[in-house]
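# Examining the three-dimensional arrangement
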Amino acid sequence: MKKLITACAIALLLAANSNVFASNPKVRMETTKGVVVIELYPDKAPKTVENFLRYVNEGKYDGTIFHRVIKRFMNQGGGFTPDFKKVETFAPIKNEADNGLKNKRGTIAMARTGDPHSATNQFFVNTVDNAFLDHTSKSSRGWGYCVFATVVDGMDVMDRIAKVKTGANGPFSKDVPMEEILIQKVSVIEEAAKSE
């Protein structure tokens with residue numbers, strides 16, 4: 001009886017404080033290859049998630065393409081229109097790759113130049129485990145690429161994208177899908193729960 005009362009008390013306490021267990025925001029990405037649902041990690045990469053959601057909420061990803069696809073590596077998109085015009089970007093963000101998240105299959109990370117703190121709008125989906133992209137030190141070689149999200153539904157879509165034929169197109173000499181892979185719309189489907 002004492003165990004039952006204790007269990008009931010814990011259940012009531014959890015129910016009363018359910019907002020303490022904040023859920024992560026989720027976004028829906030509609031592509032010409034299918035729909036993908038992505039879970040974001042604001043607790044691990046707050047600035048990166050805030051940046052990504054700004055692009056989402058302002059419709060900056062709608063009508064962009066996956067412009068770089070490398071088999072057994074990753075699918076990259078978010079930065080170009082189908083006619084290879086660069087999408088207008090906001091200021092670059094600080095690299096948060098030292099957050100403990102790894103570039104495992106299905107995770108999403110920010111693309112950048114050789115400058116560790118140059119990420120803007122382009123992201124990539126790891127289609128295999130890519131440990132060599134992980135943070136190892138706060139040096140030019142060790143910063144790594146910031147993981148900020150995971151595909152929670154639709155990894156089969158990413159696998160279909162990974163299999164398309166690629167070649168030269170637009171300003172790129174290789175790795176461009178020969179069939180247009182359009183990101184039709186990206187929208188928030190679940191806001192982060194507020195903790196109290």
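See the structure printed just above.
What comes next is a walk through the structure. Here the structure is a predicted model, which is why all the values come from computation and not from measurement.

### A short note on the packing of aromatic side chains
Counted by the stated rule, this structure contains 11 aromatic pairs. Arranged with centres 5.2 Å apart and planes meeting at 40°, the rings of Phe-52 and Tyr-61 form a pair that is tilted. A relative accessible area of 1% places Phe-52 in the buried class. With 5.9 Å between their ring centres and 85° between their planes, Phe-52 and Phe-123 make a pair best called edge-to-face.

### Topic: the nonpolar core
In this structure, Leu-40, Phe-123 and Phe-148 are the most contacted members of the largest nonpolar core, which totals 34 residues. In terms of nonpolar packing, the next biggest core, distinct from the first, is built from 10 residues, Tyr-41, Phe-73, Leu-101 and Ala-109 among them.

### Some words on the pairing of strand S4 (residues 74-77)
Walk down a regular strand and you will see the side chains alternate between the two sheet faces. Burial of S4 is two-sided: the residues Met-74 and Gln-76 facing one way and the residues Asn-75 and Gly-77 facing the other way are all buried. Taken together, the 4 bridges between strand S3 (residues 64-70) and S4 define a ladder with antiparallel strand orientation. Paired with Arg-68 across the bridge in S4 is Gln-76. Between the antiparallel neighbours S3 and S4 lie 3 residues, among them Arg-72 with a positive phi of about 55°.

### Some words on the pairing of strand S8 (residues 166-169)
In this sheet, strand S9 (residues 172-177) lies alongside S8 in antiparallel orientation, the contact comprising 3 bridges. Bridge pairing in S9 links Asn-169 to Phe-172.

### Regarding helix H2 (residues 46-57)
Relative to the 16 Å expected for 12 residues at 1.5 Å per residue, H2 spans 16 Å between its end C-alpha atoms, a close match to the ideal helical length. Listed as buried for H2 are Thr-48, Val-49, Asn-51, Phe-52, Leu-53, Tyr-55 and Val-56. Against the buried residues of H2 lie strand S1 (26-31), strand S2 (34-40), strand S5 (107-110), strand S6 (123-126), strand S7 (147-153) and strand S10 (182-190). Phi turns positive, to about 70°, at Gly-59, one or two residues after H2.

### Overview of the environment of Asn-126
For Asn-126, the location among the structural elements is in strand S6. Along the backbone, Asn-126 and Thr-150 are 24 residues apart, and their C-alpha atoms lie at a distance of 9.4 Å. Every residue in contact with Asn-126, bar those within four places of it in the chain, is listed here: Phe-73, Met-74, Asn-103, Lys-104, Arg-105, Gly-106, Thr-107, Leu-133 and Met-155. Within polar-contact distance, the side chain of Asn-126 engages the side chain of Thr-107 at 3.0 Å. Within polar-contact distance, the side chain of Asn-126 engages the side chain of Asn-130 at 2.8 Å.

### Things to note about helix H3 (residues 155-162)
Side chains of residues three or four places apart in an α-helix project in the same direction, reflecting 3.6 residues per turn. Considered for burial, the residues of H3 that qualify are Met-155, Val-157, Met-158, Ile-161 and Ala-162. End-on view of H3: buried residues confined to an arc of 150°, all on one side of the axis.

### What to know about the sheet that holds S6
Spatially, the 8 strands close up into a barrel ordered S1-S2-S7-S5-S6-S4-S3-S10, and their pairing is antiparallel. Shown here is a sheet whose adjacent strand axes are inclined to one another by a mean of 35°, direction ignored. Relative to S2, H3 is tilted by about 120°, and along the sheet it contacts S1, S2, S3, S4, S6 and S7.

### Details of unusual backbone geometry
Unlike most non-glycine residues, Phe-84 shows phi in positive territory, near 65°. Its location among the elements puts Phe-84 in the loop between S4 and S5. Of note in this structure, Asp-175 is not a glycine but carries a positive phi near 70°. Position of Asp-175 relative to the elements: it lies in strand S9. Looking at Asp-175, the relative accessible area reads 17%, which means it is buried.

### Some points on the pattern of salt bridges
For the coordinates displayed, the defined rule picks out 11 salt bridges. Between Lys-26 and Glu-190 there is a salt bridge; the shortest N-O distance is 3.6 Å. With Lys-26 in strand S1 and Glu-190 in strand S10, the pair connects residues that are 164 residues apart, well separated along the chain. With its nearest N and O atoms 3.3 Å apart, the salt bridge here joins Asp-83 to Lys-85. Residue Asp-83 is classed as partly exposed on the basis of its relative accessible area of 48%. Classification of Lys-85 as exposed rests on a relative accessible area of 51%.

The rules we used
- Residues numbered from 1 in each chain as written.
- Predicted model: local features only at pLDDT ≥ 70, side-chain atom pairs only at ≥ 80, totals over all residues.
- Heavy atoms only, no water.
- Phe/Tyr/Trp six-rings, centres within 6.5 Å; stacked < 30°, edge-to-face > 60°.
- Buried < 20%, exposed > 50% of the residue type's maximum accessible area, 1.4 Å probe, protein only.
- Core = buried A, V, L, I, M, F, W, Y, C linked by side-chain atoms within 4.5 Å.
- Helix = DSSP H or I, 4+ residues; strand = E, 2+ residues; numbered from the N terminus.
- Pairing = 2+ DSSP bridges.
- Expected span 1.5 Å × (residues − 1).
- Contact = heavy atoms within 4.5 Å.
- Polar contact = N/O pair within 3.5 Å; in protein donor to acceptor, adjacent residues only side chain to side chain.
- Arc of directions from axis to C-beta.
- Axes fitted to C-alpha atoms, helices over the stretch in contact; angles between N-to-C directions.
- Salt bridge = Lys/Arg side-chain N within 4 Å of Asp/Glu carboxyl O.

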